[in-house]
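Take a look at the letters that make up each chain.
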Amino acid sequence: MKRLLWIGSLSYFLIGLAHVVVGSLLPVLLDHYDRNYTEGGSLIFAQFSGFLAGVLLSPWLARQFGKRRTLVFALLLLCAAEGLYSLLPPWGWLYAVGAAAGFGFGMVEAVIGTIVISGITEGTGAAMSRLEVFFGIGALAMPAVASQLIALGWWRLAFPVISVCAAVAVVAWLRGSFGKLDAVLDEYEGRGEKHIHSGSAPHSPSTGASKGGPAGNWLLLALFIIFFFIYVGTEMSLANFLPSMFIERLGLTQAEAALSVTCFWLAMAAGRLFAGNIADRYGYGVFVALSSLAATVLLCVFPLIKGTAVTFVLIALLGLCMSGIFSIALVFASKMMPGTVESTTSLLIGAGGVGGALLPLWLGNSMDRGGAVASAWLLAGFACILCLLGGILYVLYMRKKRLQTATS
């Protein structure tokens, strides 16, 4: 299991790098091609479209070819796409390259999440939180690396850095041995017949999901989909517009305001070190509900305060409160809908991706029309919906638990 977690963590670090590399290099990339920010936004949207396709197709590909082969294919695709980025092909080609890169890292994220949730039955929350820590480290590291490469005039080398990491991950997944989980990684259906690459093995915990899908409780699934849509949309809105809010409300310089995002992500990374262990100890439903409530309270206070130091403290607390919501909610969903890990993991990550693309557009429009205070209240509104959903999911969990106790 330790080997699986280390290789999974390396892969999530890679995903963190890949998620933000285009955004980190966007100003210099647009200057090189003499393009505007609208066209840059189209490039990012092309990458997001590929990400969504990769996430949603991952369960089918994993069933047809096995999880290990699917991972290797996705990593090779990401490696090739980042290599093509570094060659600076004609602008029109970048849309296809961006879509291929997004497809690759979206599939890697979904498949590894499924493997960890279904394969690690004890301490699942801690395992998922560890992956998220490495994702955050990658997302924090790439802007720093990119800024240094830009200063040196070697900015295009940021893309081969990801290609090299992807190649290392390919070797690790191909050569790695994970004991009983090897059979789960190599099991596939092919043309409708089940094949196990390495002898007999225990049945995959997620096989039920691959055939039946998450049809057991559509209402519960719908609530989780909306929850992930709102959560990731809120997180991405904060990540994109915190500096602008700080400049408008607090009168900070651009450099000072940029520290708000760094503060937020550092707090997120620090919180993820402990979130999984806390959730494993006190319960996933309790953790998700209380974290959502805490984040809501802080976001409702955010529009009311004006002091710079107090606002930075609030952002740090907000990062801590939100740090474990995504990974623990994924585990919570798998426990609430057993036997549907493959389908629900890809659907929920996909729902989060859609929210992360659409809600920042709404918030950006709010910034143009109503300014920072109105936008801060809009974020508070998103958080209130998140808190309501978290509470409903916890109530449903407790009801299910009481029914199971009564029938046992």
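None of the values given here were measured: they were computed from a predicted structure.

1. So, the overall build of the chain
Line of reasoning, step 1. In terms of helices and strands, the chain carries 14 helices and 0 strands.
Line of reasoning, step 2. Taken from N to C terminus, the helices and strands of the chain fall in the order α-α-α-α-α-α-α-α-α-α-α-α-α-α.
Line of reasoning, step 3. Its C-alpha radius of gyration of 21 Å places the chain within 12% of the 22 Å reference for a compact globule of 408 residues.
Line of reasoning, step 4. Reported as C-alpha extents along the three principal axes, the dimensions of the chain are approximately 65 × 55 × 30 Å.
Line of reasoning, step 5. Buried residues in the chain amount to 55% of all 408 residues.
Line of reasoning, step 6. Looking at the chain alone, contacts between residues at least 24 apart form 81% of all its contacts between residues at least 6 apart.
Line of reasoning, step 7. Roughly 17300 Å² of accessible area belongs to the chain as shown, and the carbon and sulfur atoms make up 67% of that amount.

2. Things to note about the side chain of Thr-311
Line of reasoning, step 1. You can see Thr-311 is positioned in helix 12 (residues 308-322).
Line of reasoning, step 2. Within the local environment of Thr-311, its side chain forms a polar contact with the backbone oxygen of Gly-307, the two atoms lying 2.6 Å apart.
Line of reasoning, step 3. Each residue touching Thr-311, except ones within four places of it in the same chain, is listed here: Phe-246, Leu-250, Phe-302, Ile-305 and Lys-306.

3. With respect to empty space enclosed by the protein
Line of reasoning, step 1. Within this structure, the stated rule accounts for 2 cavities of 30 Å³ or more.
Line of reasoning, step 2. Taken as a whole, the second largest cavity holds about 50 Å³ of empty space.
Line of reasoning, step 3. The wall of the second largest cavity is formed by Ser-58, Pro-59, Ala-62, Lys-67, Ala-110, Val-111, Thr-114 and Glu-342.
Line of reasoning, step 4. Looking at the lining of the second largest cavity, the elements that each hand over two or more residues are helix 2 (37-65) and helix 4 (91-119).
Line of reasoning, step 5. Of the residues that constitute the lining of the second largest cavity, the class distribution is 4 nonpolar, 2 polar and 2 charged.

4. Some details on the state of the cysteines
Line of reasoning, step 1. Inspection of the entire model under this criterion finds 0 disulfides.
Line of reasoning, step 2. Looking at Cys-321, it has no disulfide partner, and the nearest cysteine sulfur is the one in Cys-387, 12 Å off.
Line of reasoning, step 3. A disulfide-free cysteine, Cys-387 has its sulfur positioned 7.1 Å from the sulfur of Cys-384, the nearest such atom.
Line of reasoning, step 4. Classification of Cys-387 as buried rests on a relative accessible area of 18%.

5. Considering the domain arrangement of the chain
Much of the literature gives interface size as the accessible area that the parts lose upon coming together.
Line of reasoning, step 1. Domain assignment breaks the chain into domain 1 (1-187) and domain 2 (217-407).
Line of reasoning, step 2. Every contact between the two is made by 26 residues of domain 1 and, on the other side, 27 residues of domain 2.
Line of reasoning, step 3. Contact between domain 1 and domain 2 buries roughly 2200 Å² in total, counting both sides, with carbon and sulfur atoms accounting for 73%.
Line of reasoning, step 4. By the criterion of area lost to domain 2, the three top residues of domain 1 are Ile-117, Glu-132 and Leu-140, representing 23% of everything that side buries.
Line of reasoning, step 5. The tally of links from domain 1 across to domain 2 stands at 1 salt bridge.
Line of reasoning, step 6. For Glu-132, the salt bridge identified is with Arg-272, shortest N-O distance 3.6 Å.
Line of reasoning, step 7. Taken together, the connections running from domain 1 to domain 2 amount to 4 residue pairs in polar contact (both at pLDDT 80 or more).

What counts, and where the lines are drawn
- Residues numbered from 1 in each chain as written.
- Predicted model: local features only at pLDDT ≥ 70, side-chain atom pairs only at ≥ 80, totals over all residues.
- Heavy atoms only, no water.
- Helix = DSSP H or I, 4+ residues; strand = E, 2+ residues; numbered from the N terminus.
- Rg over C-alpha atoms; globule rule 2.2 N^0.38 Å.
- Buried < 20%, exposed > 50% of the residue type's maximum accessible area, 1.4 Å probe, protein only.
- Contact = heavy atoms within 4.5 Å.
- Areas by Shrake-Rupley, 256 points an atom, 1.4 Å probe, with all protein chains shown as cover.
- Polar contact = N/O pair within 3.5 Å; in protein donor to acceptor, adjacent residues only side chain to side chain.
- 1 Å grid on protein atoms, 1.4 Å probe; cavity = no way out; pocket = protein on both sides within 12 Å on 5 of 7 lines; lining within 4 Å.
- Points joined across faces, edges and corners; volume = space filled by probe spheres on them.
- Nonpolar A, V, L, I, M, F, W, Y, C, P; charged D, E, K, R; others polar.
- Disulfide = S-S within 2.5 Å.
- Domains from an automatic or database assignment.
- Buried area = accessible area lost by both parts, 1.4 Å probe.
- Salt bridge = Lys/Arg side-chain N within 4 Å of Asp/Glu carboxyl O.

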